[in-house]
Amino acid sequence: MKKFDYSLNYDELDLRKHPELYTVGRGEQGVLMVEPYKGEILPHWRFKTPEIATESSEKIYELFLEYKKKGDFVGMDMARKFLQMGYTRARRYTNHKGRRKYSKEDGSILPYQNDKVKAEAAAIFKAQWEIAKTDPDYVKMKKEHREKYESDEA
């Protein structure tokens, strides 16, 4: 598995036209870099309340399905990354109200809190993320993309 390539000029690159340059990477790598997907998905990404998280995750999943219909694996993977990021960011706010996990002074982990509203928002995103990442077509297309563009032979 190749690491996400941070050396590419993503501001100038259209990965819809050049899917061969896209690397899945780990987790959410590149989620705020890869265009045109960032521009298409980011405006819908919100998690402040469970209601907002529901609307946001449903819209992002809708985009996932639109990309799927077009056979656009990179778009599907980017939508999956935004769903995952909705979960991880909401979880961070659940545990650390100010979003900061580490102390500025000494780098120690700040005390955990439990914001039930953010925890519910995180759960909403997690459920949608699980659906996306286990979608049989997504799994198949991810495998094909990695074999075609990310293998040592590519």
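The structure this text deals with has already been given above.
Residues numbered from 1 in each chain as written. Predicted model: local features only at pLDDT ≥ 70, side-chain atom pairs only at ≥ 80, totals over all residues. Heavy atoms only, no water.

> How should I be thinking about unusual backbone geometry in this particular structure?
Only a minority of non-glycine residues have a phi that is not negative, and only a minority of peptide bonds are not trans. Cis geometry marks the peptide bond from glutamate 35 to proline 36, where omega comes out at 10 degrees. Structurally, the position occupied by proline 36 is in the segment before helix H1 (37-41). (Helix = DSSP H or I, 4+ residues; strand = E, 2+ residues; numbered from the N terminus.)

> Would you mind going over helix H2 (residues 50-69) with me for this structure?
In an α-helix there are 3.6 residues to a turn, and that puts residues three or four apart on one side. Over its 20 residues, H2 extends 28 Å from the first C-alpha to the last, a length consistent with the 28 Å expected when each residue adds 1.5 Å. Every buried residue belonging to H2 is among Pro50, Ala53, Ser56, Ser57, Ile60, Tyr61, Leu63, Phe64 and Tyr67, and all of these are buried. Each buried residue of H2 lies within a common arc of 150 degrees when the element is viewed along its axis, so the set occupies one face. Exposed side chains of H2 directed beyond 90 degrees from the buried face belong to Glu51, Glu55 and Lys69. Buried residues in H2 make contact with H1, helix H3 (73-95), helix H4 (116-133) and helix H5 (136-150). Two residues or fewer after H2 comes glycine 71, characterised by a positive phi angle close to 70 degrees. (Expected span 1.5 Å × (residues − 1). Buried < 20%, exposed > 50% of the residue type's maximum accessible area, 1.4 Å probe, protein only. Arc of directions from axis to C-beta. Contact = heavy atoms within 4.5 Å.)

> What should I look at first to understand the pattern of salt bridges in this one?
Side chains that differ in sign of charge can pair as their charged atoms come close. Inspection of the entire model under this criterion finds 13 salt bridges. A salt bridge links glutamate 40 to arginine 16; the shortest N-O distance between them is 2.8 Å. Here glutamate 40, found in helix H1, pairs with arginine 16, found in the segment before H1; they are 24 residues apart in sequence, far enough to count as distant. Exposure remark for glutamate 40: the relative accessible area of 27% places this residue in the partly exposed category. One salt bridge connects arginine 16 with aspartate 72, and the closest N-O pair in it is separated by 3.5 Å. Taken together, the residues arginine 16 in the segment before H1 and aspartate 72 in the loop between H2 and H3 connect sequence positions 56 residues apart. Residues joined in a network through salt bridges with shared partners are Arg16, Glu40 and Asp72. (Salt bridge = Lys/Arg side-chain N within 4 Å of Asp/Glu carboxyl O.)

> I'm lost on the environment of serine 151 in this one. Help?
Checked against the element boundaries, serine 151 lands in the segment after H5. Judged by relative accessible area, serine 151 falls into the buried class, the value being 18%. Sequence separation of serine 151 and lysine 126 is 25 residues, and the distance between their C-alpha atoms is 29 Å. At 3.1 Å, the side chain of serine 151 forms a polar contact with the backbone oxygen of glutamate 147. (Polar contact = N/O pair within 3.5 Å; in protein donor to acceptor, adjacent residues only side chain to side chain.)

> Even after reading the chapter, I still don't get the packing of aromatic side chains, so can you show me in this structure?
Given two aromatic rings, their pairing is described by the distance between the two centres and the angle made by the two planes. Summed over all chains, the structure comprises 10 aromatic pairs. Judged by centre distance (4.9 Å) and plane angle (65 degrees), the rings of phenylalanine 4 and tyrosine 6 are edge-to-face. We classify phenylalanine 4 as buried; its relative accessible area is 5%. Note on tyrosine 6: relative accessible area 47%, which makes it partly exposed. By the ring-pair criterion, three or more aromatic residues cluster together here, those being Trp45, Phe47, Phe82 and Tyr93. Its guanidinium or amino end placed over the ring of tryptophan 129, lysine 133 lies 4.2 Å from that ring's centre, counting from NZ or CZ. (Phe/Tyr/Trp six-rings, centres within 6.5 Å; stacked < 30°, edge-to-face > 60°. Lys NZ or Arg CZ within 6 Å of the ring centre and 35° of its normal.)

> I'm lost on the packing of H2 against H3 in this one. Help?
Contact geometry of H2 with H3 gives a least axis separation of 8 Å together with a crossing angle of 165 degrees. Here H2 is positioned roughly antiparallel relative to H3, judged by the angle of their axes. Both H2 and H3 take part in a crossing whose hand is left-handed. Only Gly75, Met76, Ala79, Arg80, Phe82 and Leu83 of H3 make contact with H2, whose side of the interface consists of Ser57, Ile60, Tyr61, Phe64, Tyr67 and Lys68. (Axes fitted to C-alpha atoms, helices over the stretch in contact; angles between N-to-C directions. Parallel < 35°, antiparallel > 145°, perpendicular 65-115°, else oblique. Left-handed = near helix turned anticlockwise from the far one by under 90°.)

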